[in-house]
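# Fold and geometry: a report
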Amino acid sequence: AAHFRSVYLSCSSLSFANLSCPYLSFANLSGANLSGVSLTAFNLNGANLSGANLSGANLSGAEWDESTKWPVPEEIAKASGVPQALKQQLGDNYR
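Described in the following lines is the structure provided in the data block. (Residues numbered from 1 in each chain as written. Predicted model: local features only at pLDDT ≥ 70, side-chain atom pairs only at ≥ 80, totals over all residues. Heavy atoms only, no water.)

## Examining the overall build of the protein
The test is simple: A run of H or I in DSSP becomes a helix once it reaches four residues, and a run of E becomes a strand once it reaches two; helices and strands are each numbered from the N terminus. The contact rule is simple, with two residues in contact once any of their heavy atoms fall within 4.5 Å. Per-residue and other accessible areas follow the Shrake-Rupley method at a 1.4 Å probe size, with only the shown protein chains counted as cover for residues.
Secondary structure summary: the protein contains two helices and zero strands in total. Sequence separation of at least 24 residues holds for 5% of the intrachain contacts in the protein that already meet a minimum separation of 6. Carbon and sulfur atoms form 49% of the exposed surface of the protein, whose accessible area is close to 4,900 Å².

The following block contains the structure:
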């Protein structure tokens, strides 16, 4: 499988893309349109998702770490399958 470690996809439109590579560690996805994308069981350690559109994206089983940069909690809430641990990490900010 290909690895997209440290790939730069800032402001890219990947809406409903079929991403078969589950390795996006340290990828720059800031401002990317990830609506409808399945990120199920993806490695997002260190990825920058700030400002990304997660509407309808599936985050089931996604892996992240403390260096992963997420969009605002309201945007994360538009995704499906948001892991309970991520909801807890966001605390009261997650709605």
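## Side note on the pattern of salt bridges
How we decide: By definition, a salt bridge exists where a carboxyl oxygen of Asp or Glu is found within 4 Å of a side-chain nitrogen of Lys or Arg. Here the term buried applies to any residue with accessible area under 20% of the maximum for its type, exposed to any over 50%, and partly exposed to those in between, with areas from a 1.4 Å probe on protein chains only.
With the rule as written, the count across this model stands at one salt bridge. Lys78 is the salt-bridge partner of Glu75, the closest N and O atoms lying 3.2 Å from each other. Taking the relative accessible area as the measure of exposure, Lys78 reaches 48% and is therefore partly exposed.

## Considering the side chain of Asn45
Definition in use: A 3.5 Å cut-off defines polar contacts: any pair of N or O atoms within that distance qualifies, except that in protein one atom must be a possible hydrogen donor and the other a possible acceptor, and neighbouring residues in sequence count only when both atoms are side-chain atoms.
By the element assignment, Asn45 lies in the segment before α1 (73-76). Within the structure, Asn45 has its side chain in polar contact with the side chain of Glu63 (distance 3.0 Å). In this structure Asn45 touches Ser25, Phe26, Glu63, Trp64, Asp65 and Thr68, once residues within four positions along its chain are discounted.

## Concerning the environment of Ile76
Among the structural elements, Ile76 can be located in helix α1. Under the relative-accessibility criterion, Ile76 is labelled buried at 0%. Distance in space between the C-alpha atoms of Ile76 and Leu90 is 9.8 Å, their sequence separation being 14 residues.

## Focus: unusual backbone geometry
Positioned with a positive phi, Phe26 is a non-glycine residue whose angle comes to about 60 degrees. Mapped onto the secondary structure, Phe26 falls in the segment before α1. For Phe26, a relative accessible area of 39% gives the class partly exposed.

## Quick notes on the packing of aromatic side chains
The line we're drawing: Side-chain rings of Phe, Tyr and Trp, where Trp is taken by its six-membered ring, are said to pair if the distance between their centres is within 6.5 Å; with planes under 30 degrees apart they count as stacked, over 60 as edge-to-face, and otherwise as tilted.
One pass over the full model with this rule turns up one aromatic pair. With a centroid separation of 6.1 Å and 80 degrees between ring planes, the pair formed by Trp64 and Trp70 is classed as edge-to-face. Both residues of the pair, Trp64 and Trp70, count as buried.

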